Amino acid sequence: MSRYQADSVRMKRDLAALVAINTENPPGHEREAAECVAGWLREAGFDLSFSEYAPGRTNVIALLKNGDGPCFAFNTHLDTVPAGSGWSSDPFTLTERDGRLYGRGACDAKGPLVAMVEALRMLAANRHSWSGTLMGVFTADEEVASEGAKFYVRDQPPAIDFAVIGEPTSNATFSAHKGSLRPRVRVKGVTAHSGTPELGINAIYQSAKLLGLIEEAHHQQVRCRCHALVGNASLTVTRVHGGHADNVVPDSCELLLDRRMVPGEDEVVVKAELQQLLDHAHAQSGVEAEIIAWQPTTGAATETDSSEAIVQHSLAACRRHGQPEPGPFGFQGGCDLVHFRTLGAKGVVIGPGALAVAHKPDEFVPVEEFIAAASIYLDIALALLPVEVTA
């Protein structure tokens, strides 16, 4: 076996072990999975540490210093969405058939995680081939609000120069993603008996006026903001709840708004625009509404310029290992890249498996992509952690 050849048997065995550990989020409880990954990398020669933002909600950090040079990090998440129903096989038993590996997390994102672990092993076994600091940062809670990644960067860790984030991209390079804000808006009314509705102000009717203005804002203002890789910004309503009794005019109605941001938009400015929308509703239609909370989200939008070395090396590695259309592309959703960008990292998102099958019954990762991902990750790290040649 070549010194740089991934061990496909070991990778399948490791993925089976990780899929068998239930990290459905909620509730998460990633500790067991974190300890499993720590065991693999400790055996490979890495220094390991854990960080918890809540009991059982655990990040695992692997570190290997190998001379002077940049700091390069692999990151993905330990949690998965709930398995749900409709599976053809046990979601927590990795099942291989027709060139695919089925199981919850197979592509989002335990498959990418295992491929990263394999790349880290190969790098640790060949330290003469690179120089710098190598990290694996595997976090909790990405599927709900990225609390693990947020906790990690809040702890002010050392700067990271380059980061590869593992998410299902069919082994193509994604260098940008959208961000999100989710304000909870309460629309006010005046309660009354439903037999005499004229004595009250129906908060649901008031909300209907606001809903029209939200739709107008989406079409006339927000969606006009476009990014070459991720497309249009958006504003929509995803939840409505109003009323508390069958025979009472409601004095309150709550809306949950979903505002997707594109790279280049400022979160502070977007929040101010949302408040201006409520102010406009009051001035135009007498709607009294206020933002009462901001729901947790993955975070803001971000991008790494396509001319950066990590993007170019990633495109070359993806093409070299079987992806004829390597990108760069952009995610419509969010991921943890934005948090590593705050540490100074230039980064990309790459991983085996397709986003189209993530979060669904019978989630799978193609075996060929899964094994190739380890070589893609390895090539990117070697390109960015060069050994200095002295005269």
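Note that this is a predicted model, so its numbers are computed, not measured. (Residues numbered from 1 in each chain as written. Predicted model: local features only at pLDDT ≥ 70, side-chain atom pairs only at ≥ 80, totals over all residues. Heavy atoms only, no water.)

So, the overall build of the protein
When helices and strands are tallied, the protein shows 9 helices and 20 strands. For 391 residues, the compact-globule estimate of 2.2 N^0.38 gives 21 Å, and the C-alpha radius of gyration of the protein, at 24 Å, lies within 12% of that figure. By principal-axis analysis of the C-alpha atoms, the protein measures approximately 85 × 50 × 40 Å. Burial analysis of the protein (391 residues in total) assigns 53% to the buried set. Taking all contacts inside the protein whose residues are at least 6 apart in sequence as the whole, residues at least 24 apart take part in 79%. (Helix = DSSP H or I, 4+ residues; strand = E, 2+ residues; numbered from the N terminus. Rg over C-alpha atoms; globule rule 2.2 N^0.38 Å. Buried < 20%, exposed > 50% of the residue type's maximum accessible area, 1.4 Å probe, protein only. Contact = heavy atoms within 4.5 Å.)

Notes on the state of the cysteines
Taken as a whole and judged by the stated rule, the model has 0 disulfides. Cys36 carries a free sulfur, and the closest cysteine sulfur to it, the one in Cys107, is 19 Å from it. (Disulfide = S-S within 2.5 Å.)

Structural notes on the pairing of strand E9 (residues 179-188)
By the bridge criterion, 8 bridges tie E9 to strand E15 (residues 252-261) in an arrangement that is antiparallel. If you follow Val185 over to E15, its bridge partner there is Leu255. Two elements, E9 and strand E16 (residues 289-295), share 6 bridges in a ladder whose sense is antiparallel. Pairing of Val185 across the sheet is with Ile291, part of E16. (Pairing = 2+ DSSP bridges.)

Details of the packing of aromatic side chains
Under the criterion given, the structure shown has 6 aromatic pairs. Considering the side-chain rings of Phe72 and Phe74, the 5.0 Å spacing of their centres and the 75° angle between planes classify their relative orientation as edge-to-face. We classify Phe72 as buried; its relative accessible area is 0%. Given the relative accessible area of 0%, Phe74 is considered buried. The structure contains a cluster of three or more aromatic residues connected by ring pairs, namely Phe72, Phe74 and Tyr377. The ring centre of Phe364 lies 4.0 Å from the NZ or CZ of Arg100, which sits over that ring. (Phe/Tyr/Trp six-rings, centres within 6.5 Å; stacked < 30°, edge-to-face > 60°. Lys NZ or Arg CZ within 6 Å of the ring centre and 35° of its normal.)

Observations concerning the layout of surface pockets
Considering only enclosed or pocket space, the largest pocket measures out at about 430 Å³ in volume. Lining of the largest pocket is provided by 20 residues; of these, Glu142, Glu143, Gly333, Gly334 and His359 occupy positions nearest its centre. Considering every element that reaches the lining of the largest pocket, the biggest residue donor is E9, with 3 residues. Looking at the lining of the largest pocket, its residues break down into 6 nonpolar, 7 polar and 7 charged. (1 Å grid on protein atoms, 1.4 Å probe; cavity = no way out; pocket = protein on both sides within 12 Å on 5 of 7 lines; lining within 4 Å. Points joined across faces, edges and corners; volume = space filled by probe spheres on them. Nonpolar A, V, L, I, M, F, W, Y, C, P; charged D, E, K, R; others polar.)

Some details on the packing of helix H1 (residues 8-19) against helix H3 (residues 110-124)
Angle between the axes and distance between the axes are the two parameters that describe a pair of packed helices. Their axes nearest at 9 Å, the elements H1 and H3 cross at an angle of 135°. The angle between H1 and H3 places the two elements in the oblique class. In terms of crossing hand, the pair formed by H1 and H3 is right-handed. Mapping the contact onto sequence places Arg10, Met11, Asp14, Leu15, Leu18 and Val19 in H1 and Lys110, Gly111, Leu113, Val114, Ala115, Glu118 and Arg121 in H3. Here the contact of H1 with H3 is built from residues that sort into 7 nonpolar, 1 polar and 5 charged. (Axes fitted to C-alpha atoms, helices over the stretch in contact; angles between N-to-C directions. Parallel < 35°, antiparallel > 145°, perpendicular 65-115°, else oblique. Left-handed = near helix turned anticlockwise from the far one by under 90°.)

A closer look at unusual backbone geometry
The residue after Asn25, namely Pro26, is reached through a cis peptide bond having omega 5°. Looking at the element boundaries, Pro26 is found in the loop between H1 and helix H2 (31-43). Residue Pro328 is bonded to the preceding Gly327 through a cis peptide linkage, with omega at 5°. Even without being glycine, His29 reaches a positive phi, approximately 50°. Its place among the elements puts His29 in the loop between H1 and H2. Among the residues examined, His29 registers a relative accessible area of 47% and is labelled partly exposed. Here Gln156, not a glycine, exhibits a phi torsion of approximately 55°, which is positive. Relative to the elements of secondary structure, Gln156 occurs in the loop between helix H4 (147-154) and strand E7 (162-165). Given the relative accessible area of 71%, Gln156 is considered exposed.

A short note on the sheet that holds E9
With respect to topology, 4 strands assemble into an open sheet ordered E13-E15-E9-E16, the strand pairing being antiparallel. On the outer flanks of this sheet lie strand E13 (234-242) and E16, each paired with one strand and no other. With direction set aside, neighbouring strand axes in the sheet form an average angle of 25°. Helix H5 (residues 203-220) rests against E9, E13, E15 and E16 of the sheet, and its axis sits at about 10° to E15.

Some thoughts on the nonpolar core
Within the largest apolar cluster, 63 residues are counted, with the highest numbers of intra-cluster contacts made by Val37, Phe72, Phe74, Leu134, Phe138 and Val164. It is helix H9 (residues 367-384) that provides the largest number of residues to this core, a total of 11 residues. Membership of the second largest hydrophobic core comes to 25 residues, among which are Val187, Val222, Leu235 and Ala281. (Core = buried A, V, L, I, M, F, W, Y, C linked by side-chain atoms within 4.5 Å.)

Digging into the sheet that holds strand E4 (residues 95-97)
With respect to topology, 3 strands assemble into an open sheet ordered E4-E5-E20, the strand pairing being antiparallel. Taken across any chain shown, the strands that pair with only one partner, and hence form the sheet edges, are E4 and strand E20 (364-366). Neighbour to neighbour, the strand axes of the sheet diverge by 25° on average, direction disregarded. By the bridge criterion, 3 bridges tie E4 to strand E5 (residues 100-102) in an arrangement that is antiparallel. What sits directly across from Arg97, in E5, is Arg100. Where H9 meets the sheet, its contacts fall on E4, E5 and E20, and the angle it forms with E20 comes to roughly 70°.

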